[in-house]
Every structure is written in C-alpha cells, then in structure tokens.
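Residue-level structural notes
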Amino acid sequence: MGRVEGKVAFVTGAARGQGRSHAVRLAEEGADIIAIDICDQIDTVPFPMASPADLEQTVKEVEALDRRIVAVQADVRDYDALKSAVDAGVAELGRLDIVSANAGIAGGNRPSWEQSEQEWHNTIDVNLTGVWHTAKAAVPHLLAGERGGSIVLTSSAAGLKGMQNISDYVSAKHGVVGLMRTLALELAPHSIRVNSVHPTVVNTPMIQNSWTAGLFRPDLENPTIEDAHEVFRSLNVLPILWVEPVDISNAVLFLASDEARYITGVTLPVDAGFGIK
C-alpha cells in the first residue's frame, strides 16, 4: 500500500515544476489529486509562466499512474475561483486530506526602494495571500472530514534568511512561515498538521531562464544560466548546483504521510546546506 493510499491531495501551481512533481509523487503513493494553476502570464513575471498544455501534461502523468485527478485553471489570488475549484474537486473525489500550497512567482531583481508597486503587490498577492487563500478554501473540507490532515506550505530558503534585490519574494516567503505557525496552532486540536518546506535553488523553469541568470550574475550584461552556475554552487554547502523538483516532493510526501504524524509547526529545509552557510 502507498504511503498516502486512498487520500486526496490539493496542489496549487500544479502545471509544471515543483507543483507537477508534487502531484505526480503523491499519486505514485496512492493519492488522487485536485490540481490548479493559473496557466497564464502575470505581467511582472519576467519569464514565461505555465500554459494550459502544461496542466494537461500533469493530468496525463497522474492518470498514467491510474489515479484520478480534477484539474482546474484558477488563480490563487482569486479566492472565489480557488474555492470553487476545491469544492468541485472534493465533490468529485469525495474527500480532502492533504494540501500542498505550492504556487509561487518571482520577479524584481532590483533594490527594495526601486521595486515597482505592481511588482511588490503581485508577488505578495501570489506568494503569501495566495497561500492564505489556499488554506482558507481547503481547511473547511479537512475539518468536515474529521480525519485530521496535513498542510504543507512552500516557502523558500529565502523564507529563513535575507537575499538582496528580491525583497518582495523574501518578504512573502518569510510571511508564509508566520502563517504556517499560526495555522499549526489553530488546527492542532483537529489533528491537522501544518508545516513548511524551504528549498534552495530548484531545477525548474523558474530557474532556467535569462532573468534568473541576471539575478545571480548582475555583473554581466547578458548572462546565460551557465554563467550563474558557480553562484548557484556557492550558495550550498553540498557540492551541487541545485536540487531537483522530486527532492522537494519527497519532503512534501513525508510531511503528508503518517510517518510525520506528530510533526507540526516545522520549517523543513531541503536546501543542500544553504541555511547554515
């Protein structure tokens, strides 16, 4: 039997990258999936975001594992749309046990005082308010099930320490930790556990683009991602450039499973030692 056999997991930002990996990994271990993604571009995000075709690919990969999936195009900034998606998924799949609040964006790459109002608001709205919306939409279903549950919020290594030129991102990811700790206290009487994961650089489309290269190599005029390799390597204690999405998915799976049944309120780094450097 799989580690989350018979359970239903709700994953945001599920069209590609970490979100797709989380959905597939949970499905491999027996969960059915409710998947949402905006599948559209946000104007302040300086690299291509996921498409409807990406979400369709997530559906194919979950169904190939003989698991059910309900996939909806929805924006975590829009609470009503998010709630409708969760409600529809629970109506079809019958329950909710696991929540992976994974959807996030990046932007900025400028000092705090030079960031635009729109950059700041978009990043906070997706990366922090969107996480709160996810919990707000999902928690009533967890409570109604009276079976406990697990909520895993995706923060970042930048949610535990500062990084320059991305103050919107760092602020949002620190805020996720405060939300996680508060939810853990509020939901503990119902045996619902709440934790956060904190990745270092992850090998996803959010990293593999020219904007990220410029963020990590501002000394070069038109850097490639290869130009940033040594900077990526310097962030970590372990001698690697980055971790893979499945490395984060395995942490999400652990926190969602009964193996972590008494773990709540924890900030779990999957950061190759980033946090101790």
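This write-up is about the structure you can find in this document. Bear in mind that the values here come from a model prediction, so they are computed numbers and not experimental data.

Across its full length, the protein carries eight helices and seven strands. Taken over C-alpha atoms, the radius of gyration comes to 18 Å for the protein, in line with the 19 Å a tight globule of 277 residues would show. Referenced to the eigenvectors of the C-alpha coordinate spread, the extents of the protein come out at roughly 55 × 35 × 35 Å. Burial analysis of the protein (277 residues in total) assigns 55% to the buried set. Restricting the contact set of the protein to residue pairs at least 6 apart, pairs at least 24 apart contribute 75%. Accessible surface for the protein amounts to roughly 11,800 Å². Of this, 52% is attributable to carbon and sulfur atoms.

Another aspect to go through is the nonpolar core. Residues Phe10, Leu96, Ile151, Leu153, Val194 and Phe232 are the most contacted members of the largest nonpolar core, which totals 59 residues. Considering every element that reaches this core, the biggest residue donor is helix α5 (residues 167-187), with nine residues. Filtering out sequence-adjacent residues up to four positions away, Leu153 remains in contact with Ala101, Val131, Val176, Leu179, Met180, Val194, Asn195, Ser196 and Val197. Counting residues in hydrophobic clusters, the runner-up holds 21 residues, among them Val11, Cys39, Ala50 and Leu55.

Scanning the entire structure with this criterion turns up one cavity of 30 Å³ or more. Estimated volume of the largest cavity: approximately 810 Å³. As for the largest cavity, its lining consists of 45 residues, of which Gln18, Gly104, Ile105, Tyr169 and Met206 are closest to the centre. At the level of secondary structure, the elements contributing two or more residues to the lining of the largest cavity comprise α1 (17-28), β2 (32-37), α5 and α6 (210-216). Counting residues per element, the lining of the largest cavity draws most heavily on α6, at four residues. Split into classes, the residues belonging to the lining of the largest cavity amount to 28 nonpolar, 13 polar and four charged.

This part is about the packing of aromatic side chains. Applying the stated criterion to the full structure yields three aromatic pairs. Pairing Phe47 with Trp211 gives two aromatic rings, centres 6.0 Å apart and planes at 40 degrees, and the pair type is tilted. Of the two residues, Phe47 sits in the loop between β2 and α2 (52-63) while Trp211 sits in helix α6, which places them 164 residues apart along the sequence. Residue classification places Trp211 among the buried residues on the basis of a relative accessible area of 13%.

Here the structure, examined in full by the defined rule, presents 14 salt bridges. The residue Arg20 makes a salt bridge to Glu61 at a minimum N-O spacing of 3.9 Å. With Arg20 in helix α1 and Glu61 in helix α2, this pair connects stretches of sequence that are 41 residues apart. A salt bridge links Asp97 to Arg147; its shortest N-O distance comes to 3.5 Å.

Attention now moves to helix α8 (residues 245-256). Compared with the 16 Å implied by 1.5 Å per residue over twelve residues, the 16 Å span of α8 between its first and last C-alpha is a close match. Where α8 is buried, its residues meet α1, β4 (98-101), β5 (149-154), β6 (192-199) and β7 (267-270).

Once that is clear, we can look at the packing of α1 against α8. With their axes 8 Å apart at the nearest point, α1 and α8 run at an angle of 50 degrees to one another. Here α1 is positioned oblique relative to α8, judged by the angle of their axes. With respect to the hand of their crossing, α1 and α8 are arranged in right-handed fashion. Across from Gly17, Gln18, Ser21, His22, Arg25 and Leu26 in α1, the residues of α8 making contact are Pro245, Val246, Ile248, Ser249, Asn250, Val252, Leu253 and Ala256. Grouping the amino acids of the contact of α1 with α8 by side-chain chemistry returns seven nonpolar, six polar and one charged.

Summarising the element assignment, Ala106 is placed in the loop between β4 and α4 (117-145). Each C-alpha atom, one on Ala106 and one on Ile166, is 8.2 Å from the other, the two residues being 60 residues apart in sequence. Apart from residues no more than four positions distant in its own chain, Ala106 is found in contact with Val45, Pro46, Phe47, Tyr169, Met206 and Trp211.

Calculation rules
Residues numbered from 1 in each chain as written. Predicted model: local features only at pLDDT ≥ 70, side-chain atom pairs only at ≥ 80, totals over all residues. Heavy atoms only, no water. Helix = DSSP H or I, 4+ residues; strand = E, 2+ residues; numbered from the N terminus. Rg over C-alpha atoms; globule rule 2.2 N^0.38 Å. Buried < 20%, exposed > 50% of the residue type's maximum accessible area, 1.4 Å probe, protein only. Contact = heavy atoms within 4.5 Å. Areas by Shrake-Rupley, 256 points an atom, 1.4 Å probe, with all protein chains shown as cover. Core = buried A, V, L, I, M, F, W, Y, C linked by side-chain atoms within 4.5 Å. 1 Å grid on protein atoms, 1.4 Å probe; cavity = no way out; pocket = protein on both sides within 12 Å on 5 of 7 lines; lining within 4 Å. Points joined across faces, edges and corners; volume = space filled by probe spheres on them. Nonpolar A, V, L, I, M, F, W, Y, C, P; charged D, E, K, R; others polar. Phe/Tyr/Trp six-rings, centres within 6.5 Å; stacked < 30°, edge-to-face > 60°. Salt bridge = Lys/Arg side-chain N within 4 Å of Asp/Glu carboxyl O. Expected span 1.5 Å × (residues − 1). Axes fitted to C-alpha atoms, helices over the stretch in contact; angles between N-to-C directions. Parallel < 35°, antiparallel > 145°, perpendicular 65-115°, else oblique. Left-handed = near helix turned anticlockwise from the far one by under 90°.

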